[in-house]
Amino acid sequence: IRIADRAAARRSIQGLSLGDAFGERWFPLFREPVRAAAEIRSRTLPAEPDWHWTDDTAMALAVLRVLDEHGEIDQDRLAACFALAHDADAGRGYGHGMHVLLPALLPAPGDWRTLAPTLFEGGSLGNGAAMRVAPLGAWFAADLDLVARQARLSAEVTHAHPEGVAGAVAVAVAAALSVRGELGLARLAALTPEGEVRDGLLRAAEVPFDTAPWRAADLLGNGQRIRAADTVPFAVWTAVRHAGDLVEALWATAEGLGDVDTTCAITGGIVGAATGVDRVPAAWLRRREPLGGSWD
Ligand code: 8NA
Ligand code: MG
Ligand code: MG
Ligand code: MG
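As the structure is a prediction and not an experimental result, all values here were calculated from the model. Positions within a chain are numbered from 1, following the residues in the order the chain's sequence is written. Lettering for chains starts from A, numbering for ligands starts from 1, and both go in the order in which the items are written. Local features in this predicted model are restricted to residues whose pLDDT is 70 or higher, and side-chain atom pairs enter the listing and the counts only when it is 80 or higher, whereas totals over whole chains, interfaces and linings include all residues. Side-chain measures were taken over the full set of non-hydrogen atoms in the model, leaving aside hydrogen atoms and water.

Draft legend 1. Representation of the overall build of the protein. From N to C terminus, the protein includes 17 helices and zero strands. The quantity called the radius of gyration is restricted to C-alpha atoms. Its globule counterpart is 2.2 Å times the number of residues to the power 0.38. Relative to the 2.2 N^0.38 estimate, which gives 19 Å for 296 residues, the radius of gyration of the protein is 17 Å and therefore close to what a compact globule would have. Referenced to the eigenvectors of the C-alpha coordinate spread, the extents of the protein come out at roughly 50 × 40 × 35 Å. Put simply, 72% of the contacts in the protein that link residues at least 6 apart link residues at least 24 apart. With an accessible surface of roughly 11,500 Å², the protein has 52% of that area assigned to carbon and sulfur atoms. Positive charges come from Lys and Arg, negative ones from Asp and Glu, while His and the chain ends are left out of the count. A charged residue contributes its charge at one atom only: NZ of Lys, CZ of Arg, CG of Asp or CD of Glu. Distance between charge centroids for the protein: 3 Å, based on 28 positive and 38 negative side chains. Numbering goes from the N terminus for both helices and strands, where a helix is a DSSP run of H or I of at least four residues and a strand is a run of E of at least two. Whether two residues touch is decided by their heavy atoms; if any such pair falls within 4.5 Å, the residues are in contact. In short, Shrake-Rupley with a 1.4 Å probe defines the accessible areas, and a residue's cover is counted only from the protein chains shown.

And the structure:
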């Protein structure tokens, strides 16, 4: 396994973390959903100093760390890196299952094999494996089969349920197709394992791009249930609708409300894998919390 498009992976984590931090900043307004929707549609950015990224970015950085170290997904090392990131800052807004699983993996990373499948009923089908995986898709973009296999390995450590895995495969392959300039919903659905995520992508392929994003989110789900199947189809739909324009893609995704840090992280990781953040307003980039290390 030698394909390592580090430049594409860097573009993707830049887009992912920007989307995560941009999306997260809308949550305080969600107690007043009408106001949140109005401000997003009128593109009013409430005055607030910093945009902090969350678990989505923390876990994506862990995936990249393992790729940098091993050139592929070493599952025990990935479990250790997830546990270390959670231990370093558990306040990043992790999903409930991660607060149970990751502390248990800290002393014994290999225990993911027995613990992840017993999280919830049949393993987690949350959107957490999907939200962190776009940079992996960019990294291996030259080989789509490899992207799918590595995405599956990266998911299994925390998300054993087939729908959790399918969400990760779909997003990683979407990022790879984005790097290749080949992103499309029907193509992506054909490369996604059978199940609800794939069914959602097939439904997304039928939603015309002149549909308002909030309406598309009503049809496809906006991540409100924090599940892969109600998160990935809408996030990919906006990524395809705005391939080549990260800022437009993030506004459209935010319009869906719901799990907006995560839908924007997914869209940002996919679109950003192709575009990078060069054309993103400098003010946005200044507000986003830095990533640290070599990814800034
Ligand atoms: P997860 O594994 O806890 O899954 C997320 C949720 O999905 C779980 O808490 C369950 O409610 C539900 N779920 C998962 N598997 C099953 C199942 N088999 N049966 C029934 N329900 C199930 O965590 P994750 O890493 O997948 O979550 C990622 C999300 O959590 C992201 O949106 C991320 O941003 C974060 N998040 C945090 C907050 C917060 O305020 N802390 C809010 C939303 C999302
Ligand atoms: Mg988050
Ligand atoms: Mg997770
Ligand atoms: Mg979220």
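Draft legend 2. Spotlight on the site of ligand 1. Any residue with a heavy atom lying within 4 Å of a molecule or strand is counted as near it. Residues in contact with ligand 1 amount to 23 residues; listed here are only the nearest, Gly97, Ser124, His159, Asp259 and Thr262. The separation between a nitrogen atom of ligand 1 and a polar main-chain atom of glycine 93 is 3.4 Å. Contact with the protein chains covers 76% of the free accessible surface of ligand 1, which is 830 Å². Counting residues per element, the ones that place at least two in the shell around ligand 1 are helix 3 (55–70), helix 5 (96–105), helix 7 (128–131) and helix 16 (260–275). Among the elements that line the shell around ligand 1, the one with the most residues is helix 5, at three residues. Polar contact is defined as a pair of N or O atoms within 3.5 Å, subject to the rule that within protein one atom must be able to donate a hydrogen and the other to accept it, and that residues adjacent in sequence are counted only when both atoms are side-chain atoms.

Draft legend 3. Structural context of the nonpolar core. To qualify as a nonpolar core, a set must consist of buried Ala, Val, Leu, Ile, Met, Phe, Trp, Tyr and Cys residues joined through side-chain atoms within 4.5 Å. Only protein chains enter the calculation, and the probe is 1.4 Å; a residue is then buried if its accessible area is under 20% of its type maximum, exposed if over 50%, and partly exposed in between. One finds Phe22, Leu136, Ile270 and Trp284 to be the most contacted residues of the largest nonpolar core, which totals 100 residues. No other element matches helix 10 (residues 162–180), which puts twelve residues into this core. Excluding anything up to four places from it in sequence, tryptophan 284 contacts Leu18, Phe22, Leu45, Trp51, Val247, Leu250 and Trp251.

Draft legend 4. Examining the coordination of the magnesium ion (ligand 2) more closely. Within the protein, the atoms that donate to the magnesium ion (ligand 2) are Thr54 (OG1), Asp55 (OD), Asp56 (OD) and Asp261 (OD), at distances of 2.0 to 2.3 Å. Only N, O and S atoms count as donors, using a 2.8 Å limit from the metal and a wider 3.2 Å limit for Na, K and Ca, and since water is excluded some coordination spheres may look unfilled. Here the donor residues for the magnesium ion (ligand 2) map to a single chain with the spacing T-D-D-x204-D. The two metals, the magnesium ion (ligand 2) and the magnesium ion (ligand 4), are separated by 3.6 Å and share aspartate 261 as a common coordinating residue. Within this pair, whereas aspartate 56 is found in helix 3, its partner aspartate 261 is found in helix 16, the two being separated by 205 residues in sequence. Taking the relative accessible area as the measure of exposure, aspartate 56 reaches 0% and is therefore buried. When its relative accessible area of 6% is taken as the criterion, aspartate 261 is described as buried.

Draft legend 5. Representation of the environment of aspartate 76. Considering the arrangement of structural elements, one finds aspartate 76 in helix 4 (residues 75–88). Sequence-distant contacts of aspartate 76, that is, excluding residues within four places in its chain, are made with Pro109, Gly110, Trp112 and Arg113. There is a polar contact of 2.9 Å between the side chain of aspartate 76 and the side chain of tryptophan 112.

Draft legend 6. View of the coordination of the magnesium ion (ligand 4). For the magnesium ion (ligand 4), the full set of protein donor atoms is Asp259 (OD), Asp261 (OD) and Thr262 (OG1), at a range of 2.1 to 2.2 Å. Sequence spacing of the donor residues for the magnesium ion (ligand 4), all on one chain, is D-x1-D-T.

Draft legend 7. Structural detail: the packing of aromatic side chains. Note on aromatic pairs: the rings of Phe, Tyr and Trp (six-membered ring only in Trp) are paired at centre separations within 6.5 Å, and the planes decide the class, stacked below 30 degrees, edge-to-face beyond 60, tilted for the rest. Applying the stated criterion across every chain, the model contains ten aromatic pairs. Summarising the aromatic geometry, the rings of phenylalanine 209 and tryptophan 237 are spaced 5.6 Å apart at their centres and angled 40° between planes, so their arrangement reads as tilted. Within this pair, whereas phenylalanine 209 is found in the loop between helix 12 (196–204) and helix 13 (213–220), its partner tryptophan 237 is found in helix 14 (residues 232–241), the two being separated by 28 residues in sequence. Exposure remark for phenylalanine 209: the relative accessible area of 38% places this residue in the partly exposed category. Centroid distance phenylalanine 234 to tryptophan 237: 6.3 Å. Interplanar angle 20°. Geometry classified as stacked. Of the two residues, phenylalanine 234 and tryptophan 237 are both situated in helix 14; the distance of three residues between them amounts to about one turn of the helix. According to the relative accessible area criterion, phenylalanine 234 is buried, its value standing at 0%. Pairwise contacts between aromatic rings join Phe22, Trp26, Trp51, Trp251 and Trp284 into one cluster. Just above the ring of tryptophan 26 sits the side chain of arginine 25; from NZ or CZ to the centre is 4.8 Å. Either the NZ atom of lysine or the CZ atom of arginine qualifies as a charge over a ring when it sits within 6 Å of the ring centre and within 35 degrees of the ring normal. A cation over a ring is seen here: arginine 92 above tryptophan 53, with NZ or CZ 3.8 Å from the ring centre.

Draft legend 8. A look at the pattern of salt bridges. Put simply, a salt bridge is a Lys or Arg side-chain nitrogen that is within 4 Å of an Asp or Glu carboxyl oxygen. Counted by the stated rule, this structure contains twelve salt bridges. Arginine 6 is paired through a salt bridge with aspartate 68; the nearest N and O atoms lie 2.8 Å apart. Taken together, the residues arginine 6 in helix 1 (residues 6–24) and aspartate 68 in helix 3 connect sequence positions 62 residues apart. Using a relative accessible area of 30% as the deciding quantity, one classes arginine 6 as partly exposed. One salt bridge connects arginine 187 with glutamate 182, and the closest N-O pair in it is separated by 3.1 Å. You can call glutamate 182 partly exposed: its relative accessible area is 32%. Through salt bridges with shared partners, one network takes in Glu32, Arg35 and Glu39.

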